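# Overview (structure and organization)
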Amino acid sequence: MMAFAGVNSFQWERLLTFFILLVAVNEASAIEWNGNNWAHGCDFTGGDFSRAAIPGKECGGRCAATQGCTHFTWTRHNGGTCFMKRGPVSKANAFSTSDQSKVCGVIHESTSSPSGGRMVGKTTRYWDCCKPSCAWPGKAAVSSPVKSCRADGVTVLRDVNAVSGCNANGKQAYTCNNNMPWVVNSNLAYGFAAANIKGSDERGWCCGCYKLDFTSGPINGKSMIVQVTNTGSDLGENHFDIQMPGSGVGMFDGCTSQWGLPLSVWGQQYGGVASRQDCFGLPQAIRAGCLFRFDWFMGADNPNVQFVKVKCPAELEARTQCVRQ
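Residues numbered from 1 in each chain as written. Predicted model: local features only at pLDDT ≥ 70, side-chain atom pairs only at ≥ 80, totals over all residues. Heavy atoms only, no water.

Looking only at helices and strands, the chain has six helices and 14 strands in total. By the burial criterion, 48% of the 325 residues in the chain qualify as buried. Here the chain displays about 15,200 Å² of accessible surface, and carbon together with sulfur accounts for 53% of that area. (Helix = DSSP H or I, 4+ residues; strand = E, 2+ residues; numbered from the N terminus. Buried < 20%, exposed > 50% of the residue type's maximum accessible area, 1.4 Å probe, protein only. Areas by Shrake-Rupley, 256 points an atom, 1.4 Å probe, with all protein chains shown as cover.)

As structure tokens, then:
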């Protein structure tokens, strides 16, 4: 070890440790993280346990859908490879690289909390057919507001100021049919939700994605990744109102005007239809979303969750065309 006048070995070791920590902090601060905990030009050391040859935009979603994956790195290796990693991690563990094509991200950031960074929340369900709140302009820093549709539920409206189908007059815009949930595998599904998350507001919620790990009822152990497309004055803190056709129109009803069917077809105002068979009274275009509730969702009634913010899967963003900036 080099010696400096007036500095003993113990003091030198402390100075060296400080220097290493200072370099690490400077490296981490050089990484520009976006709102969904991912960045360009960064990497993590070790932790690899799986990989997939997929485009970079799908890496975060693949990690979130893979059991045990807590963080990831995507590189151009072999034409594009997603390296899925596991273990305790935070953004401070990332280091910057000169290769700006690399992407790294954190799905489950470790904290001192016993839940490993996750928060406790509750869920309900709804389908009111209204234009989503996050479909209005100026709600958040996003690529574009959530897409809304004409009454057929398929034709996307270009006018972001189109009148909601839940207005008394001039009804134009409704929830698009593809905002129904769908099954990824036996333990994971994708979908959309209205939300109220403690410590933020619409600017932080709109078009963000969250992994919901169900902790009660028949789907205990299953997970959904949802993109927030709506908000609501009737939602409490850390509350996700998951969109499922036939699950109750709630405070507003756009379904009767959109589909020309009486309110009775849609079931109870809060809760929706009572059985799987009742789903067959709904329009065929959205019936699969109703059946989802009784099949994959196993008829669960407002299960509790632990949740964490994640990078949005490309499949969700493709449906809403809303990407957080």
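What follows continues from the structure just given.
Take the confidence of the model for the chain next. Residues shown with low pLDDT carry predicted positions that ought not to be read at fine detail. Here the chain averages 87 in pLDDT, while 87% of its residues score no lower than 70. Within the chain, helix α1 (residues 9-29) has the poorest average pLDDT of any element, 45, and helix α5 (residues 284-294) the best, 98. In the model, residues 15-29 has pLDDT below 50 throughout and makes five contacts with residues more than four positions away in sequence or in other chains. Below pLDDT 50 for its whole length, residues 111-116 participates in five contacts with residues either more than four positions away or in separate chains. (pLDDT = per-residue confidence, 0-100. Contact = heavy atoms within 4.5 Å.)

All told, the structure shown has eight aromatic pairs when counted by the stated rule. Geometrically, the ring pair formed by Trp182 and Phe192 is tilted, given 6.5 Å between the ring centres and 45° between the ring planes. Taken together, the residues Trp182 in strand β9 (residues 182-185) and Phe192 in strand β10 (residues 188-196) connect sequence positions 10 residues apart. Across this residue pair, the class does not change: Trp182 and Phe192 are buried. Ring pairing ties together the aromatic residues Phe214, Phe292, Trp296 and Phe297, which thus form one cluster. The residue whose ring lies beneath Lys311 is Trp38, and the NZ or CZ to ring-centre distance is 5.2 Å. The lysine or arginine in question, Arg319, covers the ring of Trp182, its NZ or CZ lying 3.6 Å from the ring centre. (Phe/Tyr/Trp six-rings, centres within 6.5 Å; stacked < 30°, edge-to-face > 60°. Lys NZ or Arg CZ within 6 Å of the ring centre and 35° of its normal.)

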